[in-house]
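Spelled out, the chains give:
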Amino acid sequence: MYISINWIKDFVDLDGIDIKNLIYKFTMSTAEVEGIIEYGKNTYGVVVGKILSVEDVENSKKLHRLVVDIGDKKVNCICGAPNVKVGIKVAFAKAGSMVNGFEIKSTLIAGNPSDGMCLSEKELGISEDHTGIMILDDDTPLGIDIKQIIPIDDVIYEVDNKSLTNRPDLWGHYGIAREIAAITGRKLKPLEVEDLSCYDNLKKLDINIESSENCYRYSALTIDNVTKKVSSYKMKTRLTYCGLRPISLLVDMTNYIMLELGQPMHAFDKNFIKQINVKTLKEDTMFKTLDDTERKLDAGTLMIYNENTPVAIAGVMGGQNTQITDNTTSLFLESANFEPVIVRKTASKLGLRTDASARYEKTLDPELTKIAVERFVKILKEEDSNIEVSSRFSDLYVKKYDTIFIDITRDYINKKIGVDFSLDRIVKILESLEFKVTVKDNEMLTIEVPTFRATKDVSGKADIIEEISRIHGYDNIVPQTNFWKISPVREEEAHSLEYSSKKLLAEKFGLSEIHSYVWYDTKLNNELGIEVEDNLKIVNGLNKLDSTLRAKMGPTMLYAIYKNIKNYDDFGIFEIGRTFEYKVKNENCKEYKVLAIAKTSTKKTDEELLIELKSMLDSIVKINKNIDLEYVENTTLNDNFIHPVNSFVLKYDNVELGYITVVNPKIRDNINPKSSIVLAELRIDLLSNIENKPITYKEISKYQTVDFDFSIIVDENVKYLDIQNVINNSDLKYLQDYKLVDIYENKEKLNDKKNVTIRFTIGSYDKTLTKEEIDEEREKIISNLDKNGMKING
Amino acid sequence: MIDKINDLKAQAKEKLSNATHSMDIENIRVEFLGKKGKIIEILKDLKNVEASKRKEVATLANNLKNQLEEAIENKKEEIKNKEYEKKINSAKKIDLTVPSNLNIGSLHPITIVQKELEEIFESMGFTVEDGNEVETEYNNFEAVNVPKHHPARDMQDTFWLENGQLLKTQTSAAQNKIMLKYGTPLKAIFPGRCFRNEELDASHENTFFQMEGMMIDKDVSIANLIYFMKTLLSQIFKKDVEVRLRPGYFPFVEPGFELDIKCLYCGGEGCKVCKHGGWIELCPCGMIHPNVLKMGGINPEEYSGFAFGLGLSRLAMMKYGINDLRVLNSCDLRSLKQMDIK
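Residues numbered from 1 in each chain as written. Chains lettered and ligands numbered in written order. Predicted model: local features only at pLDDT ≥ 70, side-chain atom pairs only at ≥ 80, totals over all residues. Heavy atoms only, no water.

Caption draft 1: Here's a closer look at the overall build of chain A. Counting its regular elements, chain A contains 21 helices and 37 strands. Dimensions of chain A, computed from the C-alpha atoms along their principal axes, are close to 135 × 85 × 55 Å. Here chain A, with 794 residues, has 53% of them falling under the buried criterion. For chain A, the share of sequence-separated contacts (at least 6 apart) that also reach a separation of at least 24 residues comes to 70%. Of the roughly 37300 Å² that chain A leaves accessible, carbon and sulfur atoms contribute 47%. Both charge centroids of chain A, one from 107 positive and one from 127 negative side chains, sit 1 Å from each other. (Helix = DSSP H or I, 4+ residues; strand = E, 2+ residues; numbered from the N terminus. Buried < 20%, exposed > 50% of the residue type's maximum accessible area, 1.4 Å probe, protein only. Contact = heavy atoms within 4.5 Å. Areas by Shrake-Rupley, 256 points an atom, 1.4 Å probe, with all protein chains shown as cover. Lys, Arg positive; Asp, Glu negative; His and termini not counted. Charge placed at Lys NZ, Arg CZ, Asp CG, Glu CD.)

Have a look at this one:
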């Protein structure tokens, strides 16, 4: 919102106050200022001139040669405006003058000397009107600076609307002036208004509020005999500087009062209004608003009716059927208060956020409707002295807010702010903001909240704390420590598990952490041939296609592999992210925390990569939980990026923790046919719930142990686990340990067999074994393996 | 016999001086001092020497044996040294200018900054909590004092989901749950991924990270908040920072502040970084709204507290001099691999 300092000066004396410093203080005490514009700074040397003669310029249809009297001399001017006329007074920019940064020089136009120019309102910057040059009142003194009659010089500052969300009272200049008065310690002048009681003998307007839960107050007045069509330069300039386009006197008047008091108003042409009713639409209806747009309104939209015809969308915009036209001489003035939510809903549904709806949705003070009408009449009389009020002030006040009283002690205030305020200082600050304060014993204050702050902004003690501390100035509060007990906390297991896994993958395995999006990318899915199942969807995404939340991290990891594969041959990535499970329509989804790892290489085989990936997973669970994962052949996952043969489900204690897979060559080939790619997902949330397997120290045997290697020949499809099972079930008395040394596969030499070398460690904790005991143990291993078709080589 | 001993002495001396290899020395040792060595033979043969000369011969032979043993040891040492010298001098000169093969990966800048902050907070007694990414409307809005149709909802463009849930727009969505979980006094931070329905550009992302903190205790004042934030930020930036509070509107705090720090680059003189204002807007904060405390099961008459939000994405960008927010979600290893691990 734009704030005019000239306008503020109507209400607060700012003499001797540095404006920039004032605006800084406003930022520090009230709301964020986004920018400052100094109007008029680059305009000078524009004077009032009188056109003495008008001649056509040869060979030109538009140009005229003028002689203009500018007081101290007469000058030539070539002018293209259609409305030049002998005898009119104009705003004349002399040679050597400056108009909004544009320098005016003596020049030749179509061969004729021209020593300045007559200005339009647009050129002067006070409105958008560029239909012709400005024609000033006949009684304007000749030769005086234009700034003496039009308030071109002004400082406008823009307040961030967001920071006014909770301050309905600051959506007009008078409210801002109240803040400035409090900040500067000056007096706020009372608002000059028309006393409407003198019209109480006139007829009452027929108003009915049928939808009383949606309309809190409806005030109206009719005015006849409006003779002026255009607003004063002062009004036009202020509206323009504050971002509204001057249109006609009556429309400008409603806008002016809105910018001044924050109360939106609507002027109907009185001829069209017989009886007002405020109610909601019974059915969907087409309605033409005054911006000449046909709009479809839903049943339930709050409307203003004239008898049985809708004439305005309440709080949003008026209808074309009753709007002010050039012929309007009498108006029906609406000043109403609507329920904020219905206005907000209607405005957002229609995509029609107007200045009025933006204000209503902040919850305006209903007391304002009457003040606004009183002020309207006062200002309109200044603009057009001929007007006649033709009705009494007619008012239906349905919902009046309760007066809010807040009890608070000085001690409480000082404790919560951390400053030792005197009672006097507290009262002064509150009174400057028009709070009424009564002080009782024990420094207990009873504070009556002014109506314009009581609609929802100020309701409790915390709000009083805010008012006092911000006007005092946050900068003036001295930082203070408190006697909090500070005891360092241990990091939670779940949390440290995440960081430890990340660090391990980056440090030991050389992987890079990435952050991907939590939704699937439709374009990439198509490019890579990834098919994903339906899942929870975003309904208002910017890109409608990419609206499905991920159920697996796999696809988003593959996107990242794809993005990098043109720059790197061998690399690995990981991320701890969320996946979402949405099984039951309209119920809340389940959210899982998942560690995903992907690795690719052009040098290593699928097998080598998969085993490398397995060692990463094993390291994570071993280091953090001291457990071993089971890798069970996958029979459940059938996502099309998962390899149907070389994929495994990760399990511990019968709980599924994720999967590990070679990427299906169909998808892999779309990423890069020369690369091997492997992928795993591990449910880090489930892992963190698993208890650490304790380590119990096993004493080292005092007696010698014996190591020997067996080279075992088995079918190529026999798993290491199968051999392990045989060994573990061999009932060996002295086997202390065994481990895999090597697996040798060679198609040419071994055909469909492979050679698995295992090192056995035999020993006892009680004695040194005899040769016979050792041999017996060896024989047992050999015979058990043999029984299972596993032959010892040599 | 005496002549023989002298002769042996001369022989041994000559052989020793000609020896060049440790093998030669061993041969000499065997020849003279071995079980059947020439000197040992003499000593064994003493009984055949006539008695009057026996003592003299024995002394001579023993002396020779001792001298020879010592000479052999010395010569051994000398040859060994020479051999090492040769080995060392002929060693290949290693080129250490060849780069190491580190195979060290990288952590995401957010992880690094988040860890740094968490350590600071943990040392100040804060618990680290974790929120969901998909949240209910209640937790994201209602529970932090933004009822339905509140104009403040316009401040954030929300990604709504088909089941009525949403992608959380702010870490504050976790406030309510944390208050209910821990009660008072409470000191917690909760970092997390947030989402806003916005077009991407260098300073806008639809997915970004925040870290929010809350501190609730008896009689926590605005002056305490300023003190705390100043201490905290000085820790984060590793130097004394000057802070100022301005009014800011956030529905879950009352009063609400925008906290600015004096520009760390120009010290407040005005530069490009602070857009010539001397101050950098850093974090929203405020005294927790009584309604929010109430909904979190905390009595606002007895307790008060403050909350603050730190833009993790923003801090990560500041730390590494990244000028485009989109880099963080780019998955592009050319950028991400530049980050370190700590």
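Caption draft 2: Seen up close, the environment of Thr222 of chain A. Residues and elements named next belong to chain A. Following the sequence through the fold, Thr222 ends up in strand 13 (residues 215-224). Thr222 sits 403 residues away from Lys625 along the chain, and the two C-alpha atoms are 82 Å apart. Not counting chain neighbours up to four residues away, the residues in contact with Thr222 comprise Leu205, Lys270, Leu331, Phe332, Glu388, Val389, Ser390 and Ser391.

Caption draft 3: Geometry of the pattern of salt bridges. Going through the model one piece at a time under the given rule, you end up with 87 salt bridges over all chains. Across the salt bridge formed by Glu467 of chain A and Arg453 of chain A, the nearest N and O atoms sit 2.8 Å from each other. With Glu467 of chain A in helix 12 (residues 461-472) and Arg453 of chain A in the loop between strand 26 (444-448) and helix 12, the pair connects residues that are 14 residues apart, well separated along the chain. The pair formed by Glu467 of chain A and Arg453 of chain A is uniform in burial state, with each residue classed as buried. With a closest N to O distance of 2.7 Å, Arg244 of chain B and Asp260 of chain B form a salt bridge. Here Arg244 of chain B is found in strand 7 (residues 243-247), whereas its partner Asp260 of chain B is found in strand 8 (residues 253-262), with 16 residues between them in sequence. An identical accessibility class is assigned to Arg244 of chain B and Asp260 of chain B; each is buried. One continuous salt-bridge network, built from bridges that share partners, spans Glu498, Glu575, Arg578, Glu591 and Lys593 of chain A together with Asp130, Glu133 and Arg193 of chain B. (Salt bridge = Lys/Arg side-chain N within 4 Å of Asp/Glu carboxyl O.)

Caption draft 4: Up close: the packing of aromatic side chains. Counted by the stated rule, this structure contains 23 aromatic pairs over all chains. Seen from their ring centres, Trp7 of chain A and Tyr256 of chain A are 4.4 Å apart, and the 25° between their planes marks the pair as stacked. Note that Trp7 of chain A is positioned in helix 1 (residues 5-9) and Tyr256 of chain A in helix 6 (residues 249-261), a separation of 249 residues in sequence. Accessibility expressed as a relative area gives 0% for Trp7 of chain A, which makes it buried. Members of the aromatic cluster, connected to one another through ring pairs, are Phe121, Phe126, Phe228, Phe306 and Phe308 of chain B. Against the face of Tyr216 of chain A rests Lys399 of chain A, its NZ or CZ located 4.8 Å from the ring centre. Sitting over the ring of Phe708 of chain A, Arg778 of chain A keeps its end group 4.9 Å from the ring centre. (Phe/Tyr/Trp six-rings, centres within 6.5 Å; stacked < 30°, edge-to-face > 60°. Lys NZ or Arg CZ within 6 Å of the ring centre and 35° of its normal.)

Caption draft 5: Representation of the sheet that holds strand 3 (residues 159-160) of chain B within the structure. Residues and elements named next belong to chain B. Spatial strand order, 2-4-3: three strands in an open sheet with antiparallel pairing. Each end of this open sheet is capped by a strand with a single partner; those strands are strand 2 (134-135) and strand 3. Judged from the two bridges that link them, strand 2 and strand 4 (residues 166-167) form a sheet pairing that is antiparallel. When the bridges of strand 4 are listed, Val134 appears paired with Leu167. (Pairing = 2+ DSSP bridges.)

Caption draft 6: Looking closely at the domain arrangement of chain B. Domain annotation for chain B reports domain 1 (2-89) and domain 2 (109-336). Spacing between the C-alpha centres of domain 1 of chain B and domain 2 of chain B amounts to 89 Å. (Domains from an automatic or database assignment.)

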